[in-house]
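Below, each chain spelled out in residue letters.
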Amino acid sequence: MKTDYKSGFAAIIGRPNVGKSTLMNHLIGQKIAITSRKPQTTRNKIQTVYTCEEGQIVFLDTPGIHKAKNKLGEYMVNVAERTFKDADVILWLVEPTTFIGAGERHIAEQLKNGNLPVILVINKVDTVKKEEVLSFIDAYRKIMDFAEIIPASALRGQNLETVITSIFKYLPYGPQFYDEDTVTDQPQRQIVAEMIREKALRTLEEEIPHGIAVTIDTMKERPGGNLVDIEATIICERESHKGIIIGKQGVMLKKIGSAARFEIERMLEQKVNLKLWVKVKKDWRDSDYLIKNFGYDK
Ligand code: GDP
Ligand code: K
Ligand code: MG
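Residues numbered from 1 in each chain as written. Chains lettered and ligands numbered in written order. Predicted model: local features only at pLDDT ≥ 70, side-chain atom pairs only at ≥ 80, totals over all residues. Heavy atoms only, no water.

Asks: Just to check I follow, could you spell out the overall build of the chain for this structure?
Replies: Of the regular secondary structure elements, the chain holds nine helices and nine strands. Across the 298 residues of the chain, 51% fall into the buried class. Expressed as a percentage of contacts within the chain between residues at least 6 apart in sequence, the contacts between residues at least 24 apart total 72%. (Helix = DSSP H or I, 4+ residues; strand = E, 2+ residues; numbered from the N terminus. Buried < 20%, exposed > 50% of the residue type's maximum accessible area, 1.4 Å probe, protein only. Contact = heavy atoms within 4.5 Å.)

Here it is, written out as structure tokens:
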């Protein structure tokens with residue numbers, strides 16, 4: 001038995017759209033958390049697992065910390081707070097800037113109370129001049145004591161090895177929690193639902209706000225194992241949204257379906273027959289029952 005093996009939990013925090021999901025996907029080398037240009041894409045606490053010679057890191061992806069406007073918002077804030085408690089180290093992603101707003105200062109205050117080591121990742125440095133990076137580091141250094149400050153680009157994969165090395169520095173010695181083929185503990189259905197939701201958000205662009213959810217109604221492998229039948233429902237808040245999602249003669253829904261099918265087939269390494277439905281459920285975001293029903297209660 002190895003005695004120098006390390007294992008533990010790293011929580012990824014930071015404002016919506018700072019690149020948390022992109023970073024995690026890149027580290028894991030497989031798409032698990034969905035990404036998009038819209039804020040608050042991530043609703044669930046997703047665990048991904050990174051395994052190497054040195055040990056195992058279990059990543060906790062959190063929804064952005066923000067003020068709750070409805071039940072779903074409240075739920076997302078709660079998940080973020082709970083995730084804090086499970087972590088050994090915190091990975092805080094920020095934008096490359098010298099302007100540190102009230103939101104960041106608020107997060108820093110919370111972290112100071114937490115006693116966990118905080119690794120600051122200044123992400124998206126591919127979008128700024130190299131000479132500027134030092135001034136960002138200086139600006140952030142002033143708001144709290146960080147265990148490490150690492151400039152990186154999640155999108156380009158720049159400096160991510162340093163991120164991994166730094167995380168291991170702060171993990172305890174311990175056993176391997178998951179076997180090395182595991183990349184997530186999320187049920188496959190939930191990942192499939194998230195993939196469909198991502199394609200819907202991307203395809204619809206600015207037309208539909210965040211009021212959509214996806215449920216998987218059936219997911220069954222045909223005998224012989226070379227085809228999976230999936231039926232899923234896109235839930236929206238208004239009749240008018242339903243019309244937009246379906247599109248003229250079903251064109252929009254077809255687009256969403258074929259983009260999603262392509263990605264699901266890649267993940268499952270199987271052919272997929274995907275059927276999509278659209279349903280209206282008013283105010284689903286304010287309903288405890290529906291939030292639970294859609295699997296947002298973990
Ligand atoms: P999250 O809300 O924090 O999970 O952010 P996402 O991972 O969904 O990323 C939001 C957007 O920022 C996406 O369009 C990403 O492609 C983009 N993004 C993430 N990391 C980087 C980066 O290092 N450089 C650049 N240029 N864009 C990035
Ligand atoms: K996002
Ligand atoms: Mg995300």
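Asks: Would you mind showing me how to read the confidence of the model for the chain here?
Replies: Any region with low pLDDT has predicted coordinates that should not be read closely. Confidence along the chain averages 82 in pLDDT terms, with 75% of residues attaining 70 or more. Element-level mean pLDDT values for the chain span from 54 in helix 9 (residues 288–293) up to 98 in strand 6 (residues 148–151). (pLDDT = per-residue confidence, 0-100.)

Asks: Mind showing me how you'd approach the side chain of Thr-233 here?
Replies: By the secondary structure assignment, Thr-233 is in strand 8 (residues 227–236). Looking at Thr-233, its side chain comes within polar contact range of the side chain of Asp-217, at 2.6 Å. (Polar contact = N/O pair within 3.5 Å; in protein donor to acceptor, adjacent residues only side chain to side chain.)

Asks: Just checking my understanding: could you explain the nonpolar core for this structure?
Replies: Within soluble globular proteins, side chains that are nonpolar tend to cluster in buried spots. Counting residues in each nonpolar core, the largest one holds 29 residues, and the members touching the most others are Ile-196, Ile-230, Ile-234, Ile-245 and Ile-264. Contributions of two or more residues to this core are made by helix 6 (188–204), strand 7 (213–221), strand 8, helix 8 (251–268) and strand 9 (271–280). Looking at which element gives the most residues to this core, the answer is helix 6, with eight residues. In this structure, Ile-230 is in contact with Val-192, Ile-216, Thr-218, Met-219, Ile-264, Val-272, Asn-273, Leu-274 and Lys-275, ignoring residues within four places of it in sequence. (Core = buried A, V, L, I, M, F, W, Y, C linked by side-chain atoms within 4.5 Å.)

Asks: Honestly, the environment of Ala-200 in this entry has me stumped. Any pointers?
Replies: Counting through the fold element by element, Ala-200 comes out in helix 6. Looking at Ala-200, the relative accessible area reads 0%, which means it is buried. Beyond its immediate chain neighbours, meaning those up to four positions away, Ala-200 contacts Ile-212, Ile-234 and Ile-256.

Asks: Even after reading the chapter, I still don't get the sheet that holds strand 7, so can you show me in this structure?
Replies: Adjacent strands of a sheet form backbone hydrogen bonds with each other and so pair up, either parallel or antiparallel. In spatial order, the strands read 7-8-9; together these three strands make up an open sheet with mixed pairing. Pairing within the sheet leaves two strands with one partner each, and these edge strands are strand 7 and strand 9. Neighbour to neighbour, the strand axes of the sheet diverge by 15° on average, direction disregarded. Relative to strand 9, strand 8 runs parallel, the two sharing ten bridges. What sits directly across from Thr-233, in strand 9, is Trp-277. Packed onto the sheet, helix 7 (residues 239–246) meets strand 8 and strand 9 and runs at close to 155° relative to strand 9. (Pairing = 2+ DSSP bridges. Axes fitted to C-alpha atoms, helices over the stretch in contact; angles between N-to-C directions.)

Asks: Just to check I follow, could you spell out the pattern of salt bridges for this structure?
Replies: Side-chain pairs of opposite charge can arise whenever the charged atoms involved come near each other. Tallied over the entire structure, the rule returns twelve salt bridges. Note that Lys-124 and Glu-95 form a salt bridge whose closest N and O atoms lie 3.5 Å from each other. Placement of Lys-124 in the loop between strand 5 (118–122) and helix 4 (133–141) and of Glu-95 in the loop between strand 4 (89–94) and helix 3 (102–114) is noted, with a sequence separation of 29 residues between them. Overall, the relative accessible area of 26% leaves Lys-124 in the partly exposed class. Glu-265 is the salt-bridge partner of Arg-261, the closest N and O atoms lying 3.5 Å from each other. Taken together, the positions of Arg-261 and Glu-265, both in helix 8 and four residues apart, correspond to about one turn of that helix. Here Arg-261 falls in the partly exposed class, since its relative accessible area comes to 32%. Linked by salt bridges that have partners in common, Glu-198, Lys-199, Arg-202 and Glu-263 make up one network. (Salt bridge = Lys/Arg side-chain N within 4 Å of Asp/Glu carboxyl O.)

Asks: It is not clear to me how the site of ligand 1 should be interpreted in this structure. Could you clarify?
Replies: The environment of ligand 1 is made up of 18 residues, and the closest members are Asn-17, Lys-20, Ser-21, Thr-22 and Asp-126. The backbone of Lys-124 places a nitrogen or oxygen atom 3.5 Å from an oxygen atom of ligand 1. Coverage of ligand 1 by the protein chains reaches 87% of its 590 Å² of free accessible surface. (Near = heavy atom within 4 Å. Areas by Shrake-Rupley, 256 points an atom, 1.4 Å probe, with all protein chains shown as cover.)

Asks: Would you explain the pairing of strand 6 in this entry?
Replies: Working note: regular strand, side chains alternate between the two faces of the sheet. Burial along strand 6 is one-sided: the face carrying Glu-148 and Ile-150 is buried and the face carrying Ile-149 and Pro-151 is not. Regarding the hand of the β-α-β motif, the stretch spanning strand 5, helix 4 and strand 6 is right-handed. (Right-handed = clockwise from strand over helix to strand, strands pointing away.)

Asks: Can you help me understand the packing of aromatic side chains in this one?
Replies: Aromatic ring pairs are reported here in terms of the distance separating the ring centres and the angle at which the planes meet. This structure, assessed with the given rule, holds one aromatic pair. Look at Trp-92 and Phe-146: their rings are 5.9 Å apart centre to centre, the planes differ by 50°, and that puts the pair in the tilted class. Here the residue Trp-92 occupies a position in strand 4, and Phe-146 occupies one in the loop between helix 4 and strand 6, the gap between them amounting to 54 residues. Trp-92 gets classed as buried once you look at its relative accessible area, which sits at 0%. Exposure remark for Phe-146: the relative accessible area of 15% places this residue in the buried category. It is Lys-6 that lies over the ring of Tyr-173; its NZ or CZ is 5.1 Å from the centre. (Phe/Tyr/Trp six-rings, centres within 6.5 Å; stacked < 30°, edge-to-face > 60°. Lys NZ or Arg CZ within 6 Å of the ring centre and 35° of its normal.)

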